[in-house]
Structure formats: C-alpha cells, structure tokens
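Fold and contact review
Okay, here's what each chain looks like letter by letter:
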Amino acid sequence: MTEVSDREPPRRRVPGPARPARSGGGRRPGPGARPARRPAAPRPAAPRVIRLGSPRPRLRMVSLALTLVLIAFVVRLLQVQAVDASTYAAKAEQNRYVGYTLAAERGGISDRNGVALATSVDAYDVTADPTLFTRKQLKIDDGPEQAAALLAPILGQEQDTIVRKLRPQNKDLRYVVLANRQTPQVWKQIKDLRTALAVKADKDKSTVNFLAGVLAVASSKRIYPNGDLAAGILGWVNSDGKGGGGVEQQLNKELAGKDGEIRYAQSGGRQVPTAGSTETPAVPGSDIELTIDRDIQWAAQNAISEQVKKSRADRGYVIVQDTRTGQILAMANSPGFDPNDLSRADPSSLHNWAIEDAYEPGSTAKVLSMAAVLEEGAATPRTHVVVPNRLHRGDRLFKDDINHPTWYLTLNGVLAKSSNIGTILATGQLGKTQSEANEVLYSYLRKFGLGSYSGLGFPGETKGILAAPGQWSTSQQYTIPFGQGVSVSALQAASVYSTIANGGVRVEPTLVRGTQGPDGRFAPAPTPKKTRVVSAKTAKTLAQMLESVVDDEEGTGTRARILGYRVAGKTGTANRVDPATGKYKGYTSSFAGFAPADNPRITVYCAIQNATKGNYFGGQICGPIYKQVMEFALKTLQVPPTGAKAASLPVAYKP
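What you see as residue numbers is a count from 1 along each chain, following the sequence as written. Whole-chain, interface and lining totals are the exception, using all residues; otherwise, since this is a predicted model, local features are given only for residues with pLDDT of at least 70 and side-chain atom pairs are given and counted only at 80 or more. In computing side-chain values, all of the structure's heavy atoms are included and hydrogens and water are not.

Looking up the chain in an unreviewed UniProt entry gives the name Cell division protein, with the organism given as Streptomyces dysideae. UniProt positions are given in the numbering used here, feature names are shortened, and annotations may be inferred rather than shown by experiment. The chain has a UniProt comment under Subcellular location (unreviewed entry) that states "Membrane". UniProt, in the comment section headed Sequence similarities (unreviewed entry), describes the chain in these words: "Belongs to the transpeptidase family."

Bringing the layout of surface pockets into the picture now. We place a 1 Å grid over just the protein atoms. Points where a 1.4 Å probe fits but has no way out form a cavity, open points with protein on both sides within 12 Å along at least 5 of 7 lines form a pocket, and any residue with an atom within 4 Å of a point lines it. Grid points are joined across faces, edges and corners, and a volume is the space filled by probe spheres set on the points. Put simply, the largest pocket is a space of about 840 Å³. Contributing to the lining of the largest pocket are 33 residues, with Asp400, Asp401, Asn420, Thr573 and Phe617 lying nearest its centre. Of all the secondary-structure elements, those providing two or more residues to the lining of the largest pocket are strand E16 (396-399), strand E22 (568-577), strand E23 (584-595) and helix H19 (618-621). A helix here means a DSSP run of H or I that spans at least four residues, while a strand means a run of E at least two residues long, and both kinds are numbered starting from the N terminus. Looking at the lining of the largest pocket element by element, the count peaks at five residues for E22.

Most of strand E4 (residues 176-182) is tucked away: five of the seven residues are buried. DSSP bridges decide pairing: two strands pair if at least two such bridges lie between them. In this structure, strand E3 (residues 116-128) lies alongside E4, joined through four bridges in antiparallel fashion. Counted as the bridge partner of threonine 127 is valine 177 from E4. Any residue under 20% of the maximum accessible area for its type is buried, any over 50% is exposed, and the rest in between are partly exposed; the area is computed with a 1.4 Å probe on protein chains only.

Glancing now at the packing of aromatic side chains. Side-chain rings of Phe, Tyr and Trp, where Trp is taken by its six-membered ring, are said to pair if the distance between their centres is within 6.5 Å; with planes under 30 degrees apart they count as stacked, over 60 as edge-to-face, and otherwise as tilted. Under the criterion given, the structure shown has eleven aromatic pairs. Measuring from ring centre to ring centre gives 6.4 Å for tryptophan 298 and phenylalanine 632, while their planes differ by 55 degrees; the resulting arrangement is tilted. Here the residue tryptophan 298 occupies a position in helix H10 (residues 294-311), and phenylalanine 632 occupies one in helix H20 (residues 623-636), the gap between them amounting to 334 residues. Using a relative accessible area of 49% as the deciding quantity, one classes tryptophan 298 as partly exposed. With a centroid separation of 4.1 Å and an interplanar angle of 5 degrees, the aromatic rings of tyrosine 587 and tyrosine 616 are classed as stacked. Pair noted here: tyrosine 587 is in strand E23 and tyrosine 616 is in the loop between strand E24 (602-609) and H19, with a separation of 29 residues, a long-range link. Residue class for tyrosine 587 comes out partly exposed when judged on its relative accessible area of 30%.

It is worth spelling out the packing of helix H12 (residues 366-375) against helix H18 (residues 536-551) at this point. Axes, fitted as lines to C-alpha atoms, cover a helix only where it is in contact. Angles between the N-to-C directions of the axes lie from 0 to 180 degrees. Packing of H12 against H18 brings their axes to within 10 Å, and their N-to-C directions diverge by 135 degrees. What the angle tells us is that H12 and H18 run oblique. Read as a crossing pair, H12 and H18 show a hand that is right-handed. For the pair formed by H12 and H18, the contact residues are Val367, Met370, Ala371, Leu374 and Glu375 on the first element and Thr538, Thr541, Leu542, Met545 and Leu546 on the second. The residue makeup of the contact of H12 with H18, split by class, is seven nonpolar, two polar and one charged. Oblique is the label for any angle not covered by the other classes, which are roughly parallel (under 35 degrees), roughly antiparallel (over 145) and roughly perpendicular (65 to 115). For any pair of crossing helices, the crossing counts as left-handed if the nearer helix is rotated counterclockwise from the farther one by less than a right angle, and right-handed if it is rotated clockwise. Contacts are assigned to residue pairs that have any heavy atoms within 4.5 Å of one another. Each residue gets one label: Ala, Val, Leu, Ile, Met, Phe, Trp, Tyr, Cys and Pro are nonpolar, Asp, Glu, Lys and Arg are charged, and the others, such as Gly, are polar.

The amide bond that connects serine 334 to the next residue, proline 335, takes the cis arrangement and shows omega of 0 degrees. In this structure, proline 335 sits in the loop between strand E13 (328-334) and helix H11 (353-356). Even without being glycine, arginine 312 reaches a positive phi, approximately 50 degrees. Here arginine 312 shows up in the loop between H10 and strand E12 (315-322). Arginine 312 gets classed as exposed once you look at its relative accessible area, which sits at 55%.

Time to look at the nonpolar core. Within the largest apolar cluster, 91 residues are counted, with the highest numbers of intra-cluster contacts made by Leu290, Phe448 and Leu450. A total of eight residues in this core trace back to one element, the largest contributor, which is helix H17 (residues 490-501). Note: domain ranges come from an automatic or database domain assignment. Each of domain 1 (101-266 + 284-290) and domain 2 (294-336 + 352-511 + 524-637) accounts for three or more of the residues forming this core. Not counting the four nearest positions on each side in its chain, leucine 290 is found in contact with Ile109, Ser110, Asp111, Arg112, Leu117, Ile233, Leu234, Val247, Leu511, Val512 and Arg513. Grouped together as the second largest cluster of nonpolar side chains are 32 residues, Ile296, Val308, Val318 and Val639 included. Buried Ala, Val, Leu, Ile, Met, Phe, Trp, Tyr and Cys residues that are joined via side-chain atoms within 4.5 Å together make up what is termed a nonpolar core.

Okay, the pattern of salt bridges next. By definition, a salt bridge exists where a carboxyl oxygen of Asp or Glu is found within 4 Å of a side-chain nitrogen of Lys or Arg. This model, assessed by the stated rule, comprises 16 salt bridges. In this structure, glutamate 554 engages lysine 417 in a salt bridge whose closest nitrogen and oxygen atoms are separated by 3.5 Å. Placement of glutamate 554 in the loop between H18 and E22 and of lysine 417 in the loop between helix H13 (411-416) and helix H14 (420-427) is noted, with a sequence separation of 137 residues between them. The exposure class assigned to glutamate 554 is partly exposed, which follows from its relative accessible area of 42%. A cluster of three or more residues bridged by salt bridges with shared partners is formed by Arg106, Arg222 and Glu248.

The subject of this paragraph is the side chain of aspartate 293. With respect to the helices and strands, aspartate 293 occurs in the loop between strand E11 (287-290) and H10. At 3.1 Å, the side chain of aspartate 293 and the backbone nitrogen of isoleucine 296 are in polar contact. Any N or O atom pair separated by 3.5 Å or less is treated as a polar contact, with the protein-specific requirement of one donor-capable and one acceptor-capable atom, and with residues adjacent in sequence counted only for side-chain atom pairs.

This part takes up the side chain of serine 369. Mapping serine 369 onto the fold places it in helix H12. By relative accessible area, which is 2% here, serine 369 ends up buried. Of the polar contacts made by the side chain of serine 369, one reaches the backbone oxygen of proline 481; its length is 2.7 Å.

Listed below in structure tokens is the structure:
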C-alpha cells in the first residue's frame, strides 16, 4: 500500500514579465520623470579585413625578365640573320640539297652492216647517304654493319667494303657509290627489302629501317650481245664506266659523251618534289661503226678456235682485209674472252694478240725478198737458181726444211718450194756487197710497213722488231731474207699481202668506218694514207708467183686451193722464241694469201703459235683455215670467180 505524504508539493515558480530597471539606487521614477533609456543591444564584432601588398614591384621584375629574354632573342636573331647568315645558309644548303652526276649514255659499237656488237642497257648505280646511317639518325650504333649484312650478298661485295663506305672518314659526306651499273633486278631486290623494313618500322616503333639511306641513280650497263665475238677488237668497259681495252679504250672519249649533273632538295634521303631542282643534261656518246663484218668475224674466229684447240697451241689469230680499201673485215683471236663477264677470263687472253704479238714470221716474209729482187731488176721469175742441200754463209751452215739433192729451180720455184737457201742466194744479188744488199732489202721492208705502227692507233699495238742494217748480226744478214731475225705482228703480215694484191700500193689498215653523233649525223673516218711500195708490174708478177705456191703440185700451199677461184698464197713455218726463256722453242705456223689472184678482193692471214699436237707446218694447219675463211668471205661479199686460167710459171728447169 502506498504511503501518502501530508506535505504539499512545492510550487514551480513561473517567471513574470521583466521589470524596468530602476535608477538612482533602485528607486522607481516618480510622476513626471523621463523614462529611463533602455540599454543598447551589444553590436556584433566587425569582420577582420586582409589587405594585399602592392603588385607594382612584382610587375616590374617580370617586365625586366621578359625584356632581358627578348633582348637575348633579338641579339641571337641578329647574329644568325646578319652576322652568321652566310655560314648558316651554307650549312642549310649543304644539309638540304644533294647533287650527283648524270652519267651520259655510252655510244654503241656496230659492224659495217649496223649489227650491234656493243650496246648499253638500263642499269642503276646503287648509292647511299652516309649521314643517314649515324647513331643520331638511326638511334643505333651498328647501322652501317646491319645495312652491309643485307647488301653484301645482293651486290656481291664484302661487308667490310660496304661498311667503310657507309662510315666514311669525312663525316659530312652525303653521297657515296656502293656499286656501279647494277641490273634493274638487283636494284629491285634492294628496293623491296627497303620497303619491307619501312612497313615493319611503321608498325613496330622498335624496328629500324637501316636501308632508308640507300638510293639509286639511273645509269646504263655495257653488254656485248655476241659474247666473245670480236672481243679482242671491242675490249671492255671497267667499273668506272671507262674503256679498259680495244676500241672501247681507243675511242673512249667519243663513246663516253659528256656527263651531266642534277641537284635537288632532299629530306630523309628522299627528293622533295616541290622544292625544285637544277639539272645539266648529259650528252650521249657517239655511235661507232667498225669495218668488220660480223659473219666473216664469226667464221674466222670459229676456224682458228677449233684449230688452236686441236693443235693444243698457245694461241692463234686470223685477219681478213679488203685489199682495195685496207678495211679490216675480221680480226679473230683464240683463246678469247667474254667481255660480259671478265671474272671468268684468263688475264693472258685480255689482249688483241693479232696486233700486240711480235714474232718471227718465217717463210711468209719471203715475198718481201722477192719483191725487192723483182723491183730492183736483179732477177725474173724464170731466173735459174741452183739450190744446194747446204749453204755456208758467215758463221753458219744454212739448210732448207727438208734434206734434198741439189735443186735446179727458177726464182718462181724458190718461192713455190719455200727454199731458204734459194732466197739467200737471190737477195745476195741486190748489191755488189752483202752490206749493200742488206741496205736495199731493209728499205723495202720499211716500205711494206715492218718496224712501224700500222696506223690504227690501237691500244697495245706493237711495231715489231726490225733493226737497222748496220746492226744486223752475221747470221741476221742471211736469216732476215727468209723471215727469221725480224719480228712482225699479224696485222703487219696481212698488210704486206694486201699491198701486193692492191697493185703495189700500201693502204694503211683501218678498223673504223665512221661515227654517228647525238645529232644523228654520220661522219666517215679519214681517208687512209696510201703509199706506193712496188710497181704494178712487180705486184702482178708476185701474184702469179704466189699462185704457184698453191696451184703447182710442187708448191707447199696446195691445201689452200679453192674450187673455181685463182688463189695466191704462201706458207710459213718459223722457229719461235719462247717468251719465258728467250730461246727458240716450238714453231710459228702461218699462211697468207689473197683471192681472186688475178683480181684481188680479199686478203686472209692465219698464224698459230706453238702447236704441240699433230702437224706444225704452216701449209698443213693454217692452209685449211685460210681456205675455210676465204671461201666464206668470198661468198659473203658475193665475189665471183674471174674464170681466167691460172698463170703457169715454171718451178724448175733442167740443167
């Protein structure tokens, strides 16, 4: 039960309205007094104001700094544009512009009928800008090495060679030639490889196109459509584009033309098409037309090559000449070479030995002695000559190529049977003394062109060896009349027979018919020099005597007969000087002649050096070559037989 308290709960005090405060010690104001002022409410505290510093000092500092920077720029600009303007312009020009030579198109070489023997085709010079292979450009250290590794197998060069070109000593060099005259296929390989690297570099930024600096300049490449045909005449063009031998070297200036030049703006190794360029066009070289006939050249080269191979000889040569004009229709050498690929050629074959080789001609030179004897009136073709088996002259005992009883021959028979002894006896009649006879013979040898250059001006040509008569040794006085102790070239020997065939007038041999310049005009070669050596009567008599060598059964040149034609010729078999030892070793086999004998048109001369297999006599191994080449030439030039009967001069007489 709840207990209840008897006390009342305390009342809550409720506050009433406020009273006005009293004044004067708490007294209330009396009636009529002014009511007291209510105290003012307290004012809120005023907010604190932050004052900024003056901006003028800072602006002055900034302005001063900007002014200094602008002054520096102005000073530098004045230095670049005024003081160093030319220097920087030169550097900019050097870096921006690239120049290179525009190679002139080399003139062609053709035969007398316009058949191409040497011509030029499109090619490229592979070049490079070395500054595009530096670390600064490629961001790698071995840019040249990586480029060389790709280019070497394509260009067929050693890597080190290419690296040296891509990293030259001259750091400012902007143009180098990596390889000259490459085929379009070679450049396409490089270009495709460069493009592939560029595409890969675009996709993968870590890949470097280190072939970007490899460029190409349009050029031309020399080719010889007929391979080794007439290579000894044509020569070749070296890696610098200059003639290295033959006509290519002899007429290099005319063939080469005049190079041009181009200069253009580039960026990153490529031409800027909108920046303009300056170009000096190249002037093409002149075309050269030779006197040779390609078909006759082929026949001569084929014939001599087969015989040299069959006889296992050191070499051989054949010359075919127009007897009336002196023009060379063929000049073949064996072994030869292919000027399209000199890397496979034997260095000893890179010659025109038909002009460069000097050798003792042997019995083919006896026609010179007979010419002197006839012209001087010392004998006639019918003069009797007693020819013993041996003849003692000076310090030697002379003999013929075979042992024989005493021969009773005519002067014509001496030539037909190629008697050394008979020739010595005949030339001995040229003077009252042997010394006088030597002087007379020497004068005729010189007139026929021995001991002198032919007039071709061909590189490497020999003038042979012919000493003055006062220098002839005791034996030379008697050996020179039959072709030993004197040296000639094949061209000189051929020219002797052409002189006789041309009625005794020597016409300097020619190999060039003319030139055709870039303007299309043809300029014929200068007229060759003509010199009368012997009278027409003497020349005709010699031609008849040379017929006996071929037509008479006792002659040594019967294997050179040509059915239907009158043929004049002479065999030769001489002791040969070995170039290695300077002593006689082996033989020079030869045959020379012309046809038709009574109206000569063509001279053919053949010689083979050091035949080591089978027969080595000139009539046996060179006579058939003469016949083969002469028959082909007569048909090619459509020379008909005269139909006249051969002269029948006596070979022997009865004592």
